Amino acid sequence: MDAAYQAKYLGMARLLWEASNGNPQDIPANYSEHLAHSYVDGDISLVPLLSKFESYSGLEDFEVEEAIEILGKVNPGDWPDVDDIEGISAEALLRVYDNDASEFDFVEDNLSTAERVEKVLTEVISSVFGERVSTIRSEKGYFANPKNNFLQEEDGTFAGTFMFDGNKFIFEVAPAEDGWICTYRMHWESIDKLPPYQDEENPNKNDYTRRVRHRGWS
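What you see is a predicted model; the values in this text were computed from it and never measured.

A. Seen up close, the confidence of the model for the protein. In the predicted model, the protein carries a mean pLDDT of 78, and the fraction of residues at 70 or more is 82%. The spread of mean pLDDT over the elements of the protein runs between helix 4 (residues 90-99), the lowest at 70, and strand 4 (residues 158-164), the highest at 94. Note on residues 208-218: pLDDT under 50 across the span, and zero contacts to partners over four residues away in sequence or across chains.

Structure below.
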């Protein structure tokens, strides 16, 4: 469940942020509370407190997302009780994280956003595919990065390609009402490289051909 939450919360938080037009206090509490999560290691997510963001006007969009990512998994011992938190300074949060990332016990400690996206998508796709996949890239072969919105489309769907056993596959991880749906198919480049199908003669194959005796007429 932890991997599933990390795969979806940032996209949902981004939608709420965009819908608020940069005024997080306008985000309804009954919307953001759906982003609550407790991890198996005891950490929690403070993303439901997105409406309490302060000191963010001077930040770029990617810096706001980075601040949200920091809240996505925190040690509750480093924070006051959730009900006592009246505001969260996004600028201060980024400064603390930049100065001492060890204060936040991340599972993906010291990984960039791109590496986190690739790692989470690898886990999600592998769980559906049934084998360990690798090399998560965009359709054009680029790593996840701010220019391609870290492989996430406007509707929240993650889309790109992955590799398995030397073959390339196209994937989509799309949000649904009860979670996420992961679909994949082999890329046309790999399909073209497959050997032609050969229907070898089977000596034990039954012959159902109906033979008609020729009587001399045509």
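B. Seen up close, the pairing of strand 5 (residues 167-176). Here seven bridges tie strand 4 to strand 5, and the two strands are oriented antiparallel to one another. Looking across to strand 5, one finds that Ala159 is bridged to Glu172. Connecting strand 4 to the next strand, strand 5, in antiparallel fashion are two residues, including Asp165 with a positive phi near 55°. Hairpin connection from strand 5 to strand 6 (residues 179-186): two residues lie between these consecutive antiparallel strands.

C. The arrangement of the packing of helix 1 (residues 2-19) against helix 3 (residues 61-71) in detail. In contact at an axis separation of 11 Å, helix 1 and helix 3 are set at 130° when each is read in the N-to-C sense. Here helix 1 lies oblique to helix 3, going by the angle between them. The two elements helix 1 and helix 3 cross, and the hand of that crossing is right-handed. Between helix 1, through Tyr9, Leu10, Ala13, Arg14 and Trp17, and helix 3, the contact on the second element is made entirely by Val64, Glu65, Ile68 and Glu69. Here the residues of the contact of helix 1 with helix 3 are counted per class, giving six nonpolar, no polar and three charged.

D. Local environment of the nonpolar core. Core analysis: the largest hydrophobic core is formed by 29 residues, its most contacted members being Val47, Leu50, Phe53, Ile68, Leu71, Trp79 and Ile88. Listing elements by their share of this core, those giving two or more residues are helix 1, helix 3 and helix 4. In terms of residue count, helix 1 provides more of this core than any other element does, six residues in total. Ignoring anything within four residues of it in the chain, the contact list for Phe53 reads Trp17, Pro24, Val64, Ala67, Ile68, Leu71, Ile88 and Ala90. Membership of the second largest hydrophobic core comes to 18 residues, among which are Val120, Leu121, Ala144 and Phe162.

E. Up close: the environment of Ser89. With respect to the element layout, Ser89 can be found in strand 2 (residues 88-89). For Ser89, a relative accessible area of 24% gives the class partly exposed. Ser89 sits 22 residues away from Ala67 along the chain, and the two C-alpha atoms are 9.3 Å apart. Beyond its immediate stretch of four places on either side in the chain, Ser89 contacts Glu54 and Ser55.

F. Region of the structure containing the sheet that holds strand 3 (residues 134-137). Sheet architecture is open: four strands sit in the order 3-4-5-6, paired in antiparallel fashion. At either end of the open sheet lies a strand with only one pairing partner, and these are strand 3 and strand 6. When strand polarity is set aside, the average angle formed by the axes of neighbouring strands in this sheet is 25°. Pairing analysis gives two bridges linking strand 3 to strand 4, with the strands arranged antiparallel. In the sheet register, Arg137 faces strand 4, and the bridge partner there is Thr161.

G. Focus on helix 5 (residues 113-129). When the terminal C-alpha atoms of helix 5 are compared, their 24 Å separation across 17 residues agrees well with the 24 Å that a helix rising 1.5 Å per residue should span. What helix 5 keeps buried is the set Thr113, Arg116, Val117, Val120, Leu121, Thr122, Val124, Ile125, Ser126 and Phe129. Residue Gly130 follows helix 5 closely and has a positive phi angle near 95°.

H. Representation of the packing of aromatic side chains within the structure. By the definition in use, this model includes 12 aromatic pairs. Where Tyr5 meets Tyr9, the ring centres are 5.1 Å apart and the plane angle is 10°; that geometry is what we call stacked. On the criterion of helical spacing, the pair formed by Tyr5 and Tyr9 is a turn pair, its members being four residues apart in helix 1. Look at Tyr5 and you get buried, because its relative accessible area is 4%. Arranged with centres 6.0 Å apart and planes meeting at 40°, the rings of Phe158 and Trp180 form a pair that is tilted. Of this pair, Phe158 sits in strand 4 while Trp180 sits in strand 6; the two residues are 22 residues apart in sequence, bridging distant segments of the chain. Members of the aromatic cluster, connected to one another through ring pairs, are Phe129, Phe162, Phe164, Phe169, Phe171 and Tyr184.

Reading the values: rules and limits
- Residues numbered from 1 in each chain as written.
- Predicted model: local features only at pLDDT ≥ 70, side-chain atom pairs only at ≥ 80, totals over all residues.
- Heavy atoms only, no water.
- pLDDT = per-residue confidence, 0-100.
- Helix = DSSP H or I, 4+ residues; strand = E, 2+ residues; numbered from the N terminus.
- Contact = heavy atoms within 4.5 Å.
- Pairing = 2+ DSSP bridges.
- Axes fitted to C-alpha atoms, helices over the stretch in contact; angles between N-to-C directions.
- Parallel < 35°, antiparallel > 145°, perpendicular 65-115°, else oblique.
- Left-handed = near helix turned anticlockwise from the far one by under 90°.
- Nonpolar A, V, L, I, M, F, W, Y, C, P; charged D, E, K, R; others polar.
- Core = buried A, V, L, I, M, F, W, Y, C linked by side-chain atoms within 4.5 Å.
- Buried < 20%, exposed > 50% of the residue type's maximum accessible area, 1.4 Å probe, protein only.
- Expected span 1.5 Å × (residues − 1).
- Phe/Tyr/Trp six-rings, centres within 6.5 Å; stacked < 30°, edge-to-face > 60°.

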